[in-house]
Amino acid sequence: MAVSSSRKSPRRAQVEAAALYPLDWLEERSGLVGGLKYFLFRKVPRDTSWAQTLGSATLTAFLVQAITGVILAFYYKPDPDKAYESIQIITNELTLGWLVRGMHRWGASVFIILMFLHMARVFLFGAYKYPRELNWIIGVLLLALGMGEGFTGYLLPWDQTAYWATVVGININGTAPFLGPFIAQFLQGGASIGADTLSKFYSLHMLVLPGAIGGLIGLHLYLVMRLGVTSPPWSPEAAGRERVEPATPSSNGRSGLVHPSRRGGPNGE
Ligand code: HEM
């Protein structure tokens, strides 16, 4: 990894080597730098466009939610007597509290909207078809859990809107066939919406659902890495009119993952 070039001054080479030393140190002991390079620097189809950035935009929105959520959790109190007041303190008294809360509140809508746009792109490009069905299924789970985040987060400010919106949401859940009444009972956690509901929603909102979403995103990205992104349907390559280059030895056979061969194709996947 150390860089040495005859065109560079010895001083510059020395500074570069010193700057890269921590990375070399880490790479030698963990292989993490190589792993990250393998993850980030990948071949993509020639006709990849802005449409394929919607997944990364969704990921960014999720990360913003995670970071602002952790900051809010430092000050929020999941107790019916204190929740509303703690939100007022965050908004009106803490330095930049209004900004962090605003980012989290508006970011929730941005996250959901981006998820839908990304899903629409995947659908319109036919990217849910073989061999990416499993990634579509994982996406559907991500969508459901993302909506769960919105539902559980809505109660936390503990104001009139939050309370009554949750009453309506729990009642709607209760009307689902078979499991509906159990889900409604589980979410409410008691005879009426109160302290038990609030702590349950808080736990789901800041532990269970983000943890599950994080894990599923990891799996989702692994599959994107393994299978590559799909060309648009109007691309000659997607229509099979252009010969897909076979894997060259220098690409370690990985271009086969960018252009997975057809079922029963020459590479027999
Ligand atoms: C937390 C939510 C999500 C995140 C962070 C996420 C992230 C990503 C990223 C970064 C990619 C690769 C780049 C791209 O195609 O845009 C991707 C691809 C994909 N996503 Fe998502 N995604 C999410 C939700 C969904 C949903 C809701 C669906 C569908 C129900 C879905 C289905 C897919 C599929 C099938 C691919 C492969 C697309 C292809 O090969 O061209 N994802 N996702």
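Residues numbered from 1 in each chain as written. Predicted model: local features only at pLDDT ≥ 70, side-chain atom pairs only at ≥ 80, totals over all residues. Heavy atoms only, no water.

Caption draft 1: Structural detail: the coordination of the iron atom of the ligand. Distances from the iron atom of the ligand to its protein donors, His118 (NE2) and His220 (NE2), fall within 2.0 to 2.1 Å. Between the six donor atoms coordinating the iron atom of the ligand, the angles at the centre fall across 85 to 178°, so the site counts as octahedral. Of the two residues, His118 is situated in helix H5 (residues 97–124) and His220 in helix H9 (residues 195–227); the sequence distance between them amounts to 102 residues. Since its relative accessible area comes to 15%, His220 is described here as buried. (Donors = N, O, S within 2.8 Å, 3.2 Å for Na, K, Ca; no water. Tetrahedral: all angles 85-135°; square planar, octahedral: opposite > 155°, others 65-115°. Helix = DSSP H or I, 4+ residues; strand = E, 2+ residues; numbered from the N terminus. Buried < 20%, exposed > 50% of the residue type's maximum accessible area, 1.4 Å probe, protein only.)

Caption draft 2: Here's a closer look at the nonpolar core. Ranked by internal contacts, the top residues of the largest apolar core, which has 19 residues, are Tyr76, Leu156, Trp158, Ile170, Leu198 and Phe201. If one sorts the elements of this core by residue count, H9 sits on top with five residues. Residues in contact with Tyr76, not counting those within four places in the same chain, are Ala83, Ser86, Ile87, Ile90, Leu156, Leu198 and Tyr202. By size, the runner-up hydrophobic cluster in this structure holds 13 residues, among which are Ala61, Met115, Ile213 and Leu216. (Core = buried A, V, L, I, M, F, W, Y, C linked by side-chain atoms within 4.5 Å. Contact = heavy atoms within 4.5 Å.)

Caption draft 3: How the structure looks around the site of the ligand. Taken together, 26 residues lie near the ligand, and His118, Arg121, Arg132, His220 and Thr230 sit nearest. In the environment of the ligand, an oxygen atom lies 3.0 Å from a nitrogen or oxygen atom belonging to the backbone of Gly55. Between an oxygen atom of the ligand and a main-chain N or O atom of Thr230, the distance comes to 2.8 Å. Where the shell around the ligand is concerned, the elements lending two or more residues are helix H3 (54–75), H5, helix H6 (133–155) and H9. (Near = heavy atom within 4 Å. Polar contact = N/O pair within 3.5 Å; in protein donor to acceptor, adjacent residues only side chain to side chain.)

Caption draft 4: Representation of unusual backbone geometry within the structure. Here the bond from Tyr130 into Pro131 is cis, since omega is 5°, no more than 30 degrees from zero. With respect to the helices and strands, the residue Pro131 is situated in the loop between H5 and H6. Its identity as a non-glycine residue notwithstanding, Leu96 has a phi of 60°, on the positive side. Examined against the element boundaries, Leu96 turns out to sit in the loop between helix H4 (83–92) and H5. Unusually for a residue other than glycine, Trp158 sits at a positive phi of about 55°. Within the secondary structure layout, Trp158 lies in the loop between H6 and helix H7 (160–174). By relative accessible area, which is 17% here, Trp158 ends up buried.

All we've got here are geometric facts, nothing functional implied.
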